[in-house]
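Fold and geometry: a report
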Amino acid sequence: MFKRFRRLRTNETIRSLVRETILTPNDFMYPLFVKEGENIKDEVSSMPGVFQMSIDEIVKECGQIQELGLNTVILFAIPDVKDSVGSECLCTNSIIARTIKAIKEKYPNMYIATDLCFCEYTDHGHCGIMDPKTQSVDNDATLEISAQQAIVHAKAGANMIAPSGMMDGIIEVLRTALDKEGFVNLPIMSYSTKFASAFYGPFRDVAESTPSFGDRRTYQMDVGNRLEAIEESLEDERQGADILMVKPALSFLDTIRDIRNNTNLPIAAYNVSGEYAMLKLAGANGLIDYEKVMMEKLVSMKRAGANIIITYHAKEACKLLQGN
Ligand code: PBG
């Protein structure tokens, strides 16, 4: 006798009773991009619905997203001044520090994670201090200034630090520095398994962080590597990461599952800019049902094993989940 799977699919009530994976507004973290100035809200042409905003606009935005039940953001900054070591982000009065303080003043409950990297702050657009000999990022020199950047974020009131530069040893260095300054309860979400992906293109438009020469393959991971992907995340767990991450998400759902099967830590999936842009364009051209495809891809990340989804779709998804 064969099994009749269709018995549990006859109407929406029974389908929802047996549904294994559902999305809620608590699953999402929403990326925000801050720029110097006032009254600035510039849409990014490659990412419709995503804006570069001045601090005053970011604060307004936080009010709106809280109304959607969205309480968690991850902040990126676009400074006015860039140099070879990214000095801007090492000042106590950096654009990120001022943004965190401004949000917290108006919305103290907003949970703010900060992306910790140097590519937005350096004139060469790489993720740290360059080693002139190798023409690549100097790992250990970058660790030192990363600790400084983390302390700036922490002192400004960040709730979580998310290092994204793919420097070896960064979690241990940040944990030690944060603990020494008394931030023992500040969690670190590591971009632990981050691939050298071509899906970051639109992000680099919005963050103005395209490398002026070369690419990121000497520090970000090779997209063909499955076992190394697990090792990268497990090493960051050993160093003290509180949350691990896989980035990008869509082409790496297998990696999310691999890591899920090897750790008990929470996992974040970063649904990156290129994934967002492709869907927007396909939707705008009537090729797909945008909202349905969006929810299908978001649930696929959770089903693969992610607990947190960092996504530019967060607002749209929350609106749909609220039924308006
Ligand atoms: C910074 C950083 C990048 C992204 C997040 N943090 C870009 C990169 O590594 O080039 C990409 C996010 C996206 O594409 O949405 N290093």
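Higher on the page you've got the structure.
Predicted model only: the values in this text are computed from it and were never measured.

Focus: empty space enclosed by the protein
Per the stated rule, a full pass over the model turns up three cavities of 30 Å³ or more. The volume enclosed by the largest cavity comes to roughly 170 Å³. As for the largest cavity, its lining consists of 20 residues, and the residues nearest its centre are Cys119, Lys194, Tyr200, Phe203 and Lys247. Residues belonging to the lining of the largest cavity are distributed by class as follows: ten nonpolar, four polar and six charged.

Quick look at the pairing of strand E8 (residues 160-163)
On E8, burial covers both faces: Met160 and Ala162 on one face and Ile161 and Pro163 on the other are all buried. By the bridge criterion, four bridges tie strand E5 (residues 111-116) to E8 in an arrangement that is parallel. In the sheet register, Leu116 faces E8, and the bridge partner there is Pro163.

Some points on the site of the ligand
Among the 18 residues in the neighbourhood of the ligand, the closest are listed as Lys194, Arg204, Lys247, Ser273 and Tyr312. Contact between the ligand and Asp115: a nitrogen atom at 3.4 Å from a side-chain N or O atom of the residue. Ser273 places a polar side-chain atom, nitrogen or oxygen, 2.7 Å from an oxygen atom of the ligand. Applying the majority rule of atoms within 2 Å of the grid points places the ligand in the largest cavity. Here the shell around the ligand is composed, by residue class, of ten nonpolar, three polar and five charged.

A word on the packing of helix H2 (residues 55-67) against helix H3 (residues 95-106)
The interhelical angle for the contact between H2 and H3, taken along N-to-C directions, is 40 degrees, at an axis separation of 9 Å. By the criterion of interaxial angle, the relationship of H2 to H3 is oblique. For H2 against H3, the interelement crossing comes out right-handed. Residues Ile55, Ile58, Val59 and Cys62 of H2 form the contact with H3, whose participating residues are Ile95, Arg98, Thr99, Ala102, Ile103 and Lys106. Grouping the constituent residues of the contact of H2 with H3 by class yields seven nonpolar, one polar and two charged.

As for a nonpolar patch on the surface
The grouping of Leu8, Leu17 and Val18 at the surface amounts to a nonpolar patch, some 290 Å² of accessible area in total. Relative to the assigned elements, Val18 resides in helix H1 (residues 12-18).

Focus: the pairing of strand E10 (residues 244-247)
Side-chain positions along a regular strand alternate between the two faces of the sheet. Here E10 shows no split at all, with Leu244 and Val246 on one side and Met245 and Lys247 on the other all buried. Pairing of strand E9 (residues 193-194) with E10, which is carried by two bridges, proceeds in the parallel orientation. Within E10, the residue paired with Lys194 across the bridge is Lys247. Two elements, E10 and strand E11 (residues 267-271), share three bridges in a ladder whose sense is parallel. Looking at E11, one finds that Leu244 is bridged to Ile267. As a crossover connection, the stretch from E10 through helix H8 (residues 253-260) into E11 is right-handed.

Side note on the environment of Met221
Mapped onto the elements, Met221 comes out in the loop between helix H6 (201-206) and helix H7 (227-239). By relative accessible area, Met221 is classed as buried at 2%. For the pair Met221 and Met166, spaced 55 residues apart in sequence, the C-alpha separation works out to 8.4 Å. The contact partners of Met221, leaving out residues within four places of it in the chain, are Met166, Thr193, Lys194, Phe195, Ala196, Glu228, Ala229 and Glu232.

Considerations on the packing of aromatic side chains
Using the criterion set out here, one finds eight aromatic pairs in the structure. Relative to Phe76, the ring of Phe33 lies with its centre 5.1 Å away and its plane at 20 degrees, an arrangement referred to as stacked. Here Phe33 is found in strand E1 (residues 28-35), whereas its partner Phe76 is found in strand E4 (residues 72-78), with 43 residues between them in sequence. Among the aromatic residues, those joined into a ring-pair cluster are Phe33, Phe76, Tyr191, Phe203, Tyr270, Tyr276 and Tyr312. Lying across the ring of Tyr200, Lys194 places its NZ or CZ 5.7 Å from the centre. Stacked on the ring of Tyr200, the Lys or Arg Lys247 has its end atom at 4.3 Å from the ring centre.

Some details on a positive patch on the surface
There is a patch of like positive charges on the surface, built from Lys3, Arg4, Arg6, Arg7 and Arg9. As for its placement among the helices and strands, Arg6 is situated in the segment before H1. Residue class for Arg6 comes out exposed when judged on its relative accessible area of 68%.

Cut-offs applied
Residues numbered from 1 in each chain as written. Predicted model: local features only at pLDDT ≥ 70, side-chain atom pairs only at ≥ 80, totals over all residues. Heavy atoms only, no water. 1 Å grid on protein atoms, 1.4 Å probe; cavity = no way out; pocket = protein on both sides within 12 Å on 5 of 7 lines; lining within 4 Å. Points joined across faces, edges and corners; volume = space filled by probe spheres on them. Nonpolar A, V, L, I, M, F, W, Y, C, P; charged D, E, K, R; others polar. Buried < 20%, exposed > 50% of the residue type's maximum accessible area, 1.4 Å probe, protein only. Helix = DSSP H or I, 4+ residues; strand = E, 2+ residues; numbered from the N terminus. Pairing = 2+ DSSP bridges. Near = heavy atom within 4 Å. Polar contact = N/O pair within 3.5 Å; in protein donor to acceptor, adjacent residues only side chain to side chain. Sits in = over half its atoms within 2 Å of the grid points. Axes fitted to C-alpha atoms, helices over the stretch in contact; angles between N-to-C directions. Parallel < 35°, antiparallel > 145°, perpendicular 65-115°, else oblique. Left-handed = near helix turned anticlockwise from the far one by under 90°. Contact = heavy atoms within 4.5 Å. Patch = residues over 30% accessible without salt bridge, like charges linked within 9 Å, V, L, I, M, F, W, Y side chains within 5 Å. Areas by Shrake-Rupley, 256 points an atom, 1.4 Å probe, with all protein chains shown as cover. Salt bridge = Lys/Arg side-chain N within 4 Å of Asp/Glu carboxyl O. Right-handed = clockwise from strand over helix to strand, strands pointing away. Phe/Tyr/Trp six-rings, centres within 6.5 Å; stacked < 30°, edge-to-face > 60°. Lys NZ or Arg CZ within 6 Å of the ring centre and 35° of its normal. Lys, Arg positive; Asp, Glu negative; His and termini not counted. Charge placed at Lys NZ, Arg CZ, Asp CG, Glu CD.

Spatial relationships are all this shows, so hold off on functional conclusions.
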